[in-house]
Amino acid sequence: MAHVECCRVSMDDTYLWACDSGMDRTVVYRINYDEGKLLQEDIVHADPGSAPRLIKFSSDGRFAYILCEQKAVIDVYSYDNSKGEPEIERIQQISTAAGDDPLPTMASALNFSGSFKYLVSSDMTTNEVIIFNAESKDGKLKEILSLPIGGAYPKDARLFPDDKHLVSLNHESNSMTFFSFDEKKKTLIMKGRPLSVDSPNCIVFHAL
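Residues numbered from 1 in each chain as written. Predicted model: local features only at pLDDT ≥ 70, side-chain atom pairs only at ≥ 80, totals over all residues. Heavy atoms only, no water.

J.: Could you give an account of the layout of surface pockets, with specific residues and numbers?
T.: Put simply, the largest pocket is a space of about 240 Å³. Around the largest pocket sit 15 residues that line it, and Arg53, Leu54, Asp156, Asn201 and Cys202 are the ones nearest its centre. Here the lining of the largest pocket is composed, by residue class, of six nonpolar, three polar and six charged. For the second largest pocket, the calculated volume is near 150 Å³. Along the walls of the second largest pocket sit Phe112, Ser113, Gly114, Arg158, Leu159, Phe160, Pro161, Val204 and Phe205, which together make up its complete lining. (1 Å grid on protein atoms, 1.4 Å probe; cavity = no way out; pocket = protein on both sides within 12 Å on 5 of 7 lines; lining within 4 Å. Points joined across faces, edges and corners; volume = space filled by probe spheres on them. Nonpolar A, V, L, I, M, F, W, Y, C, P; charged D, E, K, R; others polar.)

And the structure:
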């Protein structure tokens, strides 16, 4: 059964990508702005039972990152529209769980840092946050760390604009936890006490 979780427009404003976790696919629609219509252009199939949930694009728009909730992976795709039609190819699949973790996993967050240097994910079963380096020219991710977030069921996690601090929204423990992040030392250090928030789900930073 179809279950659309997330829709985003490509960075070139040409296509709407819709993650359908129920059908294990992401449907790509061409946007007709003049007529206000969508025309199905392509289907990006995920692995069976993986449940694609969220999608983000690289800053230059050449790569798409799709988080698969049930399989706990990020599928990385190259994207090219130079010929007037989408050319999409999966170039990487990387786990959002610790390599030696025997527990079942369920991925949640998917957020680029403001600099697009890092990509942050989380796992709602193991209660961990995962930070990847996203600076490679070929679009591929490299895991930096995977560590506990001091709460239960992290629905969202994001780096602050300074790329040095992180906040996790912990849905089941009704809390926000804060950390300092050091890439060289591969550490997250909790800063202060958790803040109480009822069933937090999503966080966005807005410049004033």
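That covers the picture; the talk isn't over yet.
J.: Summarise the side chain of Asp20; cite the residues concerned and give the values.
T.: If you trace the backbone, Asp20 turns up in strand 2 (residues 15-20). Given the relative accessible area of 4%, Asp20 is considered buried. Of note is the side chain of Asp20, whose polar atom sits 3.1 Å from the backbone nitrogen of Met23. (Helix = DSSP H or I, 4+ residues; strand = E, 2+ residues; numbered from the N terminus. Buried < 20%, exposed > 50% of the residue type's maximum accessible area, 1.4 Å probe, protein only. Polar contact = N/O pair within 3.5 Å; in protein donor to acceptor, adjacent residues only side chain to side chain.)

J.: How would you sum up the packing of aromatic side chains? Please name residues and give values.
T.: Applying the stated criterion across every chain, the model contains eight aromatic pairs. Ring geometry for Trp17 and Phe57: centres 5.3 Å apart, planes at 85°, overall edge-to-face. Here Phe57 lies in strand 5 (residues 52-57) and Trp17 lies in strand 2, a separation of 40 residues in the sequence. Look at Phe57 and you get buried, because its relative accessible area is 6%. Relative to Phe178, the ring of Phe160 has its centre 6.4 Å away and its plane inclined at 45°; by these criteria the two rings are tilted. Residue Phe160 is found in the loop between strand 13 (154-159) and strand 14 (165-170), and its partner Phe178 is found in strand 15 (residues 175-182); the two are separated by 18 residues along the sequence. Clustering of aromatic rings is evident, with ring pairs tying together Tyr15, Trp17, Phe57 and Tyr79. (Phe/Tyr/Trp six-rings, centres within 6.5 Å; stacked < 30°, edge-to-face > 60°.)

J.: Got a sec to walk through the nonpolar core? Specific residues and values, please.
T.: Trp17, Ile55, Tyr65, Ile74, Leu119, Phe132 and Leu141 are the most contacted members of the largest nonpolar core, which has 28 residues in total. Only strand 2, strand 5, strand 6 (63-68), strand 7 (73-80), strand 9 (107-112) and strand 11 (128-133) provide two or more residues apiece to this core. (Core = buried A, V, L, I, M, F, W, Y, C linked by side-chain atoms within 4.5 Å.)

J.: Which residues make up the sheet that holds strand 8 (residues 87-95), and what values do they have?
T.: Here we have four strands laid out as an open sheet, ordered 5-6-7-8, and antiparallel in their pairing. Only two strands of the sheet have a single partner each, and these edge strands are strand 5 and strand 8. Taking each pair of neighbouring strands and ignoring which way they run, the sheet shows an average axis angle of 25°. Two strands pair when backbone bridges link them, and strand 7 and strand 8 are joined in this way by eight bridges, in the antiparallel orientation. The residue bridging Asp75 from the neighbouring strand is Gln93, located in strand 8. (Pairing = 2+ DSSP bridges. Axes fitted to C-alpha atoms, helices over the stretch in contact; angles between N-to-C directions.)

J.: Which residues make up the pairing of strand 11, and what values go with them?
T.: With six of its six residues buried, strand 11 lies for the most part within the structure. Neither face of strand 11 is exposed, since Glu128, Ile130 and Phe132 on one face and Val129, Ile131 and Asn133 on the opposite face are all buried. In the sheet, strand 10 (residues 118-123) pairs with strand 11 via six bridges, with the strands oriented antiparallel. Its bridge partner being in strand 11, Ser121 is matched across the sheet by Ile130. With antiparallel pairing between neighbouring strands as the criterion, strand 10 and strand 11 make up a hairpin whose turn holds four residues, including Asn127 at a positive phi of roughly 60°.

J.: How would you explain unusual backbone geometry if you had to name every residue and give the values?
T.: Notably, Ala51 is not glycine yet its phi reads approximately 60°, a positive angle. Secondary-structure assignment places Ala51 in the loop between strand 4 (37-45) and strand 5. Look at Ala51 and you get buried, because its relative accessible area is 8%.

J.: Can you lay out the pattern of salt bridges for me, pointing to particular residues and giving the numbers?
T.: If you walk through the whole model with that rule in mind, you get ten salt bridges. Where Asp75 meets Arg90, a salt bridge forms, and the shortest distance between an N and an O atom there is 3.4 Å. Residue Asp75 is found in strand 7, and its partner Arg90 is found in strand 8; the two are separated by 15 residues along the sequence. Residue classification places Arg90 among the partly exposed residues on the basis of a relative accessible area of 36%. Lys117 is paired through a salt bridge with Glu183; the nearest N and O atoms lie 3.5 Å apart. Here Glu183 lies in the loop between strand 15 and strand 16 (187-190) and Lys117 lies in the loop between strand 9 and strand 10, a separation of 66 residues in the sequence. With relative accessibility at 26%, the residue Lys117 sits in the partly exposed group. One connected set of salt bridges, linked through shared partners, spans Asp47, Lys71, Asp75 and Arg90. (Salt bridge = Lys/Arg side-chain N within 4 Å of Asp/Glu carboxyl O.)

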